[in-house]
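What follows is each chain in one-letter form.
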Amino acid sequence: MFSYILKRILIFIPTLIAISLLTFMISLSAPGDPVELMLGQAGGDSQLADKMASEKTYIDMREKLRLNLPIFYFSLSNQATSDTLYKIPKKNHRDLLSRLTDQYGNWPEISTYFEQLRDLELTAYKIERNSSNQDALIKVKNYISELFLNHKDQDIQRGLSQISSEISTIRQQYDDAQKAAIEAQQKAKVEADSLAALAAVTDSTVTDSSTTTEKEEAATADSTATENEGTEVADSTIMEDEDVAATDSINVPPPANVEGDDQLASINQKMRDDLGALENFNMALTNTQNAYQTIKDKATPDKLYIPSFKWYGLNNQYHQWFSRFVTGDFGYSYQDKRPIGSILIDRVKWTMLISFLAIIITYIIAIPLGVFSAVRKGTFGDQFSTTILFVLYSLPSFWVATLMIMFFGGGDYFDWFPPYGVGNPPADASIWEVIKTRAYHLFMPLVCWTYGTFAFLSRQMRGGMLSVLRQDYVRTARAKGLSEGKIIWKHAFRNSLIPIITIFANVFPLMISGSVVLEVIFTIPGMGKWGFDAIIFRDYPVVFTVMMFSAILTMIGYLVSDILYAWVDPRISYSK
C-alpha cells in the first residue's frame, strides 16, 4: 500500500505541473491589463507631470508583480522577433510591436519607430492647453493613442496625416493670436505716445502762464504799497485763491504703465515658449514619419521564416509564479490589494465548515435511507421515500433558498432565522454561545446545501446494496442462520460502499470551492462568494488560486478513494 501511495504521489507531480501550466496560460489570455486592474487606472493624464508619475507607478507595480520577466524558461520564435519584447511595460505597446514585426520583420527599425512615437507622445504633453487649442490638442493626443494600437499601413498613414492637420490648425491659431497681440501692442504704443505729447504741451502752457502772472503781480505791488494792512491781507487772500485755481486747471500726465509693459513682455515670452513647443512637436512628428517610412523601406520579411531559440533560465514569470504558489504565496488581489493568502484563510474556514457539516448530515441521512430502500425494495416505504427524495432533488437550490428567506427569514411570513451572514458573537462569548449563534445563522444554508444530495446518494447506496444482497455469500450467511441485521450491516453494508467512496472523491474540491449560488444568496463570506466576486471584478489571481486548489483537492480525493477501496473491500489490493 505504501509503495502504491508513493507512486500515486509521484504521478501527481507532473499532473500538478500540467494543471499549473494550463492555469498560467489562461491567466496570460485573461482580458485587461493586470497592472491597470491592480492600480485601478486607465491612463488619460492631461498633464505631463501626471503622466510621468503615472507611468512610474505603473512600472513599479509591474516589477512588484514580476511581469517584467520573460514568460517562460525559453522562447521558440523567429529571427525577426525581439527576445526582449517582455521589457516593454504596456500590453498594447507589446501587441503593436509584435504585429509590426510579423508584418515587416525588421526589429531595429520598428524599435526606432516606437521610440519616436513615444517621444511624439511626450512632446504633445509639453504643449500647453488653452481655450483656443484644447479641442485640436485633445484630437492630437487621441490620434497618437490610436497609433499605439494600429499596425496597418493605411491606419498609420491616416493617423499621421490627421495629427499634421490638427497641428497646422494649432499653428494658425498661434499666428492669429500673435498678430492680434502685435496689433494691440502697436495700438497701446500709439496711445502712449499721444498721451506723452499732450502732457508736454500742457506743461509748456502752464509755464508761460505762470511767468506772466508773476510780472503783473510785481507791478500791482508797487502801486499799492501805501495801502492799509487789511487791503494787503485781502490781496494776499485773493492771490492764494487764484494760485489754487490755476493749479486745478493743470492736466498732470499719468505715470508710465510699467505693470502693463511687464505684462506685455510676459505674454510675448509665453507665446515664444508655445511656438517653441509647437516647433519641437513638428520636429518629433517629422522624425516619426521618417522612422515609419524607414520600416517600409527596409522591411526584411524573410527573417520571419528563420527559427530562433532563446533560453531565459529560471528567472521567468511561470517559474516565479509556480514556486511562490508552492510556498504559499498566491499573489495579490486586484480588488483589495491584499495578499491572497491572508484572505484565503478567512474565506476557506467558512466554506470548509459548512461543507463538512453538509457532508456529515448528508451521509448520516442518505446512507441509512439507501439501505432501508434496498432491504424493503418494492414496499410502500421504499416507494414513498424514493418519491419524496426525487421531488427534493428536482427543486433548484437557489429557488428553495429564496423561498426559505421569504417564509422563514423575516420576509412576508415568519422571522425565525436570519436571512444572511454567519453571525457575530461578542468577543467574550462562551463556546456554547458561539455554537448557538453560528447554528442559528447557518440552519437555512445547511438545509439548502444538503437536501438535493439525499436522493443521489441514497439511490447510489440502494443500488450498491441491492447488488451485494444478490451475492452468494449473503445467501450463505442467511443459510447459516445469521440475523438479518448482522447480514446487512456487517457483511453487505461494507461491500456496498464502493459507489459511495467513488462519489466521495468529488467531495474534496467542493469543500474549498463551495456553493457559489448559496453563498451569494445567504451572504456567506466563503470561497464561493469570493470566487464569484473575483469573476465580477476581474480579480484573476483569486480565480486561478481557487482553480489550483480545486485541482489539488481533486487529486487528493481520488487518492483517498483508492485507499478507502482497499479498506472496505479486502479483495482489492495494491501490493501487486
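Here is a short report on the structure shown in this document.

Quick notes on the rules
Residues numbered from 1 in each chain as written. Predicted model: local features only at pLDDT ≥ 70, side-chain atom pairs only at ≥ 80, totals over all residues. Heavy atoms only, no water. Axes fitted to C-alpha atoms, helices over the stretch in contact; angles between N-to-C directions. Helix = DSSP H or I, 4+ residues; strand = E, 2+ residues; numbered from the N terminus. Parallel < 35°, antiparallel > 145°, perpendicular 65-115°, else oblique. Left-handed = near helix turned anticlockwise from the far one by under 90°. Contact = heavy atoms within 4.5 Å. Salt bridge = Lys/Arg side-chain N within 4 Å of Asp/Glu carboxyl O. Buried < 20%, exposed > 50% of the residue type's maximum accessible area, 1.4 Å probe, protein only. Nonpolar A, V, L, I, M, F, W, Y, C, P; charged D, E, K, R; others polar. Phe/Tyr/Trp six-rings, centres within 6.5 Å; stacked < 30°, edge-to-face > 60°.

## Points about the packing of helix α15 (residues 472-479) against helix α16 (residues 484-495)
When two helices pack together, their arrangement is captured by the angle between the axes and the distance separating the axes. Relative to each other, α15 and α16 sit at 160°, their axes nearing to 10 Å. Considered as vectors, α15 and α16 are oriented roughly antiparallel to each other. As for how α15 packs across α16, the hand of that crossing is right-handed. Every residue of α16 that contacts α15 at Y473, V474, A477 and R478 is listed here: E484, I487, H491 and N495.

## Looking at the pattern of salt bridges
The full count for this structure, using the stated rule, is 15 salt bridges. Between R158 and D155 there is a salt bridge, with its nearest N and O atoms 2.8 Å apart. In this pair, R158 and D155 both sit in helix α7 (residues 153-223), three residues apart, roughly one turn of the helix. The exposure class assigned to R158 is partly exposed, which follows from its relative accessible area of 44%. One connected set of salt bridges, linked through shared partners, spans K51, E55, R118 and E121.

## Re the packing of helix α11 (residues 340-375) against α16
One way to put it is that α11 packs onto α16 with a least axis distance of 13 Å and a crossing angle of 105°. Considering their axes alone, α11 and α16 lie roughly perpendicular with respect to each other. When α11 is examined against α16, the residues I367, V371 and V375 are found in contact with a partner set consisting of I488, W489 and F493. Taken together, the residues that form the contact of α11 with α16 break down as six nonpolar, no polar and no charged.

## Some points on the packing of aromatic side chains
On inspection of all chains with the given rule, the structure shows 26 aromatic pairs. Consider the rings of F72 and Y318, whose centres lie 5.6 Å apart with planes at 50°: the pair is tilted. Taken together, the positions of F72 in the loop between α3 (48-64) and β1 (74-78) and Y318 in helix α10 (residues 317-326) put the pair 246 residues apart, joining distant regions of the chain. Looking at Y318, the relative accessible area reads 4%, which means it is buried. Where Y540 meets F544, the ring centres are 6.2 Å apart and the plane angle is 20°; that geometry is what we call stacked. A residue pair is termed a helical-turn pair when its members lie 3 or 4 positions apart in one helix, as Y540 and F544 do in helix α21 (residues 540-568) at four residues. The residues Y540 and F544 share a single accessibility class, namely buried.

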